[in-house]
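Commentary on secondary and tertiary structure
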Amino acid sequence: MSVLLSVRGLTHRYGDFIAVNNINLDVKAGQCFGLLGPNGAGKSTTLEILEGVLKPTRGEIRYRGLPIDKNFKQEVGIQFQSTTLPDYLTVHDCLKLFSSFYQSHTSIPHLIKLCQLQEVASQLHYTLSGGQKQRLLLALSLINDPALLFLDEPTTGLDPQARLHFWQLIREVKQQGKTIILTTHYMEEAEQLCDQIAIMDRGEFIAEGSPETLLKENFLPQIVELNGVYTEQDFDGLPVRISQCAGQTRVECNSFNDLLPALKVSEGSTRGMAVRKPHLEDLFLKLTGNELRL
């Protein structure tokens, strides 16, 4: 796949504060690229720069190998976290209004069908449910048939069912050959949708790669969660990694079966036990820490 969007040495300052610090990035055509990080990591600033909303302090951004120019906005779509729409417009009217902003646009009936808005097409936009509103915002971001789509935390506040439906919509959009840059606080969302991710903290990328590769690089194949406190000495020299929190022990291991002999020496040690594979939330907390960022 060819590189659609390339970033080199991207830096942005707010006075003396460095929000984005010399990051490099390549997004390949047809990928879903996830930008993750705790609050204050620099994600929003980075995204605004990539969208062309904010001019960086320093750095180079190239789209299709060329510097971004005035035509860039005709080829990208943006779904912001929230968008203020004019009062008293129906769903269909909103799409018609946004279509007038572009030199060419995709079929409105097609977007209504793609984003599952048929039943509310004649409904006033401010009467929509949370899931319906997000599907409308997605349709608006697709009105110009963009090659590159920015999704800024698109499922925040949605219930689990609406979130799953939205994930399927994103998969269908990606199957049309579109490139997606996604920010999200939901690690499961990133793991489900993204081909590549970058985890950002304090203005810098601290990890970048496919979810599968990053998990293999940072964890053993299985995680066993146990009640009680265990140390590496309890597992007879097996290759394990131990971490503890709130009276529980998390054991990374190559195989749960290897741990069974050691666990049997402690009566009741398997009560409340959980066995699972590592996931992106584990990686996120390992790299960025457990403390709350405000």
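The sections below set out a description of the structure shown in this document. (Residues numbered from 1 in each chain as written. Predicted model: local features only at pLDDT ≥ 70, side-chain atom pairs only at ≥ 80, totals over all residues. Heavy atoms only, no water.)

**What about the sheet that holds strand 2 (residues 17-28)?**
Neighbouring strands of a sheet are bound in pairs by backbone hydrogen bonds; such pairs are parallel or else antiparallel. Our working definition: Any two strands are treated as partners once DSSP identifies two or more bridges connecting them. Working definition: helices are DSSP H or I runs of at least four residues, strands are E runs of at least two. Numbering for both runs from the N terminus.
Overall, antiparallel pairing links the four strands, which are arranged 2-1-4-5 in an open sheet. Of all the strands in the sheet, the pair left with one neighbour each is strand 2 and strand 5 (66-67).

**Some words on the packing of aromatic side chains**
For clarity, the cut-off: In this analysis, rings of Phe, Tyr and Trp, with Trp reduced to its six-membered ring, are considered paired at centre separations within 6.5 Å, and the interplanar angle assigns stacked below 30 degrees, edge-to-face beyond 60, and tilted for intermediate values. Only protein chains enter the accessibility calculation, which uses a 1.4 Å probe. A residue is then buried if its area is under 20% of the maximum for its type, exposed if over 50%, and partly exposed in between.
On inspection of all chains with the given rule, the structure shows four aromatic pairs. Consider the rings of Phe98 and Phe101, whose centres lie 5.3 Å apart with planes at 50 degrees: the pair is tilted. The exposure class of Phe98 is buried, given its relative accessible area of 18%. Seen in terms of ring centroids, Tyr230 and Phe235 are 5.9 Å apart; in terms of plane orientation they differ by 35 degrees. Their pairing is tilted. On the basis of relative accessibility, which here comes to 1%, the residue Phe235 falls in the buried class.

**Regarding the sheet that holds strand 7 (residues 148-152)**
Quick note on the threshold: The convention used is that axes are lines fitted to C-alpha atoms, helices contributing only their stretch in contact, and that angles between N-to-C directions extend from 0 to 180 degrees. We call two residues contacting when some pair of their heavy atoms lies within 4.5 Å.
Within the open sheet, the six strands sit side by side as 6-7-8-3-9-10. Their pairing is mixed. The open sheet has two free edges, formed respectively by strand 6 (76-79) and strand 10 (204-209), since each of these has just one partner strand. Neighbour-to-neighbour, the strand axes of this sheet turn through a mean angle of 15 degrees, independent of strand direction. Pairing analysis gives five bridges linking strand 9 (residues 196-201) to strand 10, with the strands arranged antiparallel. Within strand 10, the position partnered with Met200 by the bridge is Phe205. Contacts from helix 10 (residues 280-288) reach strand 3 (32-36), strand 9 and strand 10, with the element oriented near 30 degrees to strand 9.

**Brief notes about the environment of Val27**
With respect to the element layout, Val27 can be found in strand 2. Taking the C-alpha atoms as reference points, Val27 and Ser2, separated by 25 residues in sequence, lie 8.7 Å from one another. Other than its neighbours up to four places away in sequence, Val27 contacts Val3, Leu4, Leu5, Phe33, Thr179 and Ile181.

**Quick notes on the pattern of salt bridges**
Formally: Salt bridges are identified by distance alone: a Lys or Arg side-chain nitrogen within 4 Å of an Asp or Glu carboxyl oxygen.
Evaluation of the coordinates by the stated rule reveals 10 salt bridges. A salt bridge links Arg64 to Glu75; its shortest N-O distance comes to 3.3 Å. Residue Arg64 is found in the loop between strand 4 (58-63) and strand 5, and its partner Glu75 is found in helix 2 (residues 72-75); the two are separated by 11 residues along the sequence. Assessed through its relative accessible area of 29%, Glu75 is described here as partly exposed. If you follow the salt bridges from partner to partner, you end up with Glu225, Arg250, Arg276 and Asp282 in one network.

**Quick notes on unusual backbone geometry**
In this structure, Asp145 is a non-glycine residue whose phi angle is positive, near 50 degrees. Along the chain, Asp145 turns up in the loop between helix 5 (130-141) and strand 7. Look at Asp236: it is not a glycine, yet its phi comes out positive at around 50 degrees. With respect to the secondary-structure elements, Asp236 resides in the loop between strand 11 (222-227) and strand 12 (241-245).

**Some details on the side chain of Thr90**
Here is the rule we go by: Under the rule applied, a polar contact is a pair of N or O atoms within 3.5 Å (in protein, one hydrogen donor and one hydrogen acceptor; residues adjacent in sequence only if both atoms are side-chain atoms).
Mapped onto the secondary structure, Thr90 falls in the loop between strand 6 and helix 3 (91-99). In this structure the side chain of Thr90 is engaged in a polar contact, spanning 3.1 Å, whose partner is the backbone nitrogen of Asp93. Once residues lying within four places of it in the same chain are set aside, the contact partners of Thr90 are Ala121, Ser122, Gln123, Leu124 and His125.

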